[in-house]
Number of protein chains: 2
Amino acid sequence: MARKVGSHAGTTGPRVRAAALRLFAREGYAAVSMRAIAAEVGVQAGALYLYTPDKQTLLFDLMREHLEEVRAAWAAVRPDPAPPAERLAAFARFHVNHHIDRPEAVFIAYMELRALTPENFARIEALRRAYEGELEAILREGACSGAFRLPDARLAARALIAMLTGVTTWYRAGGPMSRAEVAEAYAALALRAVGAPA
Amino acid sequence: MARKVGSHAGTTGPRVRAAALRLFAREGYAAVSMRAIAAEVGVQAGALYLYTPDKQTLLFDLMREHLEEVRAAWAAVRPDPAPPAERLAAFARFHVNHHIDRPEAVFIAYMELRALTPENFARIEALRRAYEGELEAILREGACSGAFRLPDARLAARALIAMLTGVTTWYRAGGPMSRAEVAEAYAALALRAVGAPA
DNA sequence: GTCTATATCCAGATAGAC
DNA sequence: GTCTATCTGGATATAGAC
């Protein structure tokens, strides 16, 4: 434990997190050395420990910030009193648009769970489950009201989130489809998957 | 380069690959040492190099074998002259059932692509694209015949494969749903997603 | 706040005995 | 076919100068 995070943070702290995000996403947490992060930032390895107590906390903070940002962004645009189909369409468009802009954070949040200590994993998993619960609640409500036809709300929520998140594995800006077209296509797939007219 | 693979292989060769599969899936390629693999097998680290020229080739062989097995298994059960909806349902059930039994290989094949050398990556990517192409062809044919309503065959193939593969992130034997029920639920979602009555 | 230097440990891979 | 021993390099993290 070197010191508390943030007490001296100027601009180097954010640059350390940005470099770690980029490198962890590209090479994987275990394959990235503190030396490599330091080189990306332009400081020596020892200086990193002014901004994070250790490498594990650096990873954990990146994941936590990503998941908290997703929840806050959805809470800000969520149509609250609205029919299930409209809420599902909004969720699908939001999820695709939000994730398409943060492929590195998404990659880390889904792929480096195994690199977390058990305590940190439990905290991240709770955040992930809370977000998944937002979709599950929409699906459950639609199933009850008869707007959706579902095999199982929990299974469908997991299936749809996997489908929507998958956009980050292939979408690149400058391709034949715009972000909005892609989001619309995924929303149409999601709506039809639960038996709602798209 | 230590030696050619297989020339002395008795039972230790397969046990090395099984141990590597298990450990790479649990900890990640970069986080697993050759010593750890050796300990899992019950030999010394140096002995591993009788069965693989290096760690990279061990990973590549695991991925290649997995992808070749998927394609062969699908070729064996694929309903060839059949209407698109039936072929899509068969593909979805096959994909879920096949992947649900191999969560470790699936995890590695999708998560450790970045750990491959460029040459090895290109070869693995070609195999993955070929498999994706099987689904894409079904969707394209269904779209042409009017059986399916799709935004874009390529996008839909990617979206559906991501959705179906996602089953490996949560399904565990002994849960409330059987394998067959889960496969059926995913098949229903897939069929409806492309506008075919499930 | 960043540096250099270093303690301590473990990595992949090879050599050669048995 | 497996062992022990070892080469060489790089890892995380810390200490202390400036």
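The numbering scheme is per chain: residues are counted from 1 as the chain's sequence reads. Just so you know, chain letters begin at A and ligand numbers begin at 1, following the order they were written in. Per-residue local features of the predicted model are confined to residues with pLDDT of at least 70, and side-chain atom pairs are confined, for both listing and counting, to 80 or more; whole-chain, interface and lining totals are unaffected and use all residues. Side-chain calculation: all heavy atoms of the structure are included, whereas hydrogens and water are not.

### Here we look at the domain arrangement of chain A
All names here are of chain A. Here is the rule we go by: The domain limits used here are those given by an automatic or database domain assignment. Residue contacts follow a heavy-atom distance rule, with two residues in contact if any of their heavy atoms lie within 4.5 Å. Salt bridges are identified by distance alone: a Lys or Arg side-chain nitrogen within 4 Å of an Asp or Glu carboxyl oxygen. Between N or O atoms, a polar contact is any pair within 3.5 Å; within protein, one atom must be a potential hydrogen donor and the other a potential acceptor, and residues adjacent in sequence are included only when both atoms are from side chains. Secondary structure follows DSSP: runs of H or I at least 4 residues long count as helices, runs of E at least 2 residues long count as strands, and numbering of each begins at the N terminus. Ten residue types, Ala, Val, Leu, Ile, Met, Phe, Trp, Tyr, Cys and Pro, are classed as nonpolar, four, Asp, Glu, Lys and Arg, as charged, and the remainder, Gly among them, as polar.
Each assigned domain of chain A is listed here: domain 1 (1–53) and domain 2 (55–193). Between the C-alpha centres of domain 1 and domain 2 the distance comes to 28 Å. Contacts between domain 1 and domain 2 engage 15 residues on the former and 13 residues on the latter. Between domain 1 and domain 2 we count 1 salt bridge in total. Here arginine 17 ties to glutamate 65 by a salt bridge, and the two come within 3.9 Å at their closest N and O atoms. Linking domain 1 to domain 2 there are 5 residue pairs in polar contact (both at pLDDT 80 or more). Elements that contribute at least two residues to the side of domain 1 that touches domain 2 include exactly helix 1 (12–27) and helix 2 (34–41). Among the elements that take part in the side of domain 1 that touches domain 2, helix 1 stands out by supplying 7 residues, more than any other. The residue makeup of the side of domain 1 that touches domain 2, split by class, is 11 nonpolar, 2 polar and 2 charged.

### Focus: the pattern of salt bridges
Let me state the cut-off plainly: The buried label goes to any residue with under 20% of its type's maximum accessible area, the exposed label to any with over 50%, and the partly exposed label to all in between, with areas taken from a 1.4 Å probe on protein chains only.
One pass over the structure, following the stated rule, counts 36 salt bridges over all chains. One salt bridge connects aspartate 101 of chain B with arginine 179 of chain B, and the closest N-O pair in it is separated by 2.3 Å. Taken as a pair, aspartate 101 of chain B in the loop between helix 4 (84–100) and helix 5 (103–111) and arginine 179 of chain B in helix 8 (residues 179–193) lie far apart in primary sequence, 78 residues in all. Assessed through its relative accessible area of 45%, aspartate 101 of chain B is described here as partly exposed. Since its relative accessible area comes to 33%, arginine 179 of chain B is described here as partly exposed. The salt bridge partner of arginine 129 of chain B is glutamate 132 of chain B, with a shortest N-O separation of 3.8 Å. Linking arginine 129 of chain B with glutamate 132 of chain B, this pair stays in helix 6 (residues 118–145), spanning 3 residues, or about one helical turn. Assessed through its relative accessible area of 3%, glutamate 132 of chain B is described here as buried. Each of the salt bridges in this network shares a partner with another, and the network as a whole consists of Glu125, Arg128, Arg129, Glu132, Glu136, Arg140, Arg154 and Arg158 of chain A.

### Focus: the interface of chain A and chain B
Our working definition: Throughout, buried area stands for the accessible area (probe radius 1.4 Å) lost by two parts on being put together, summed over both.
Chain A puts 31 residues into the contact, and the matching count from chain B is 31 residues. Between chain A and chain B lies a buried interface of about 2600 Å² when both sides are counted; carbon and sulfur atoms form 69% of it. For the pair chain A and chain B, the interface holds 2 salt bridges. Among the salt bridges present, the one from arginine 114 of chain A reaches glutamate 112 of chain B, with a minimum N-O distance of 2.9 Å. Applying the counting criterion to the chain A and chain B interface returns 8 residue pairs in polar contact (both at pLDDT 80 or more). Mapped onto the side of chain A that touches chain B, the elements with two or more residues apiece are helix 1, helix 5 (103–111), helix 7 (153–165) and helix 8 (179–193) of chain A. Of the residues in the side of chain A that touches chain B, the class split is 21 nonpolar, 3 polar and 7 charged.

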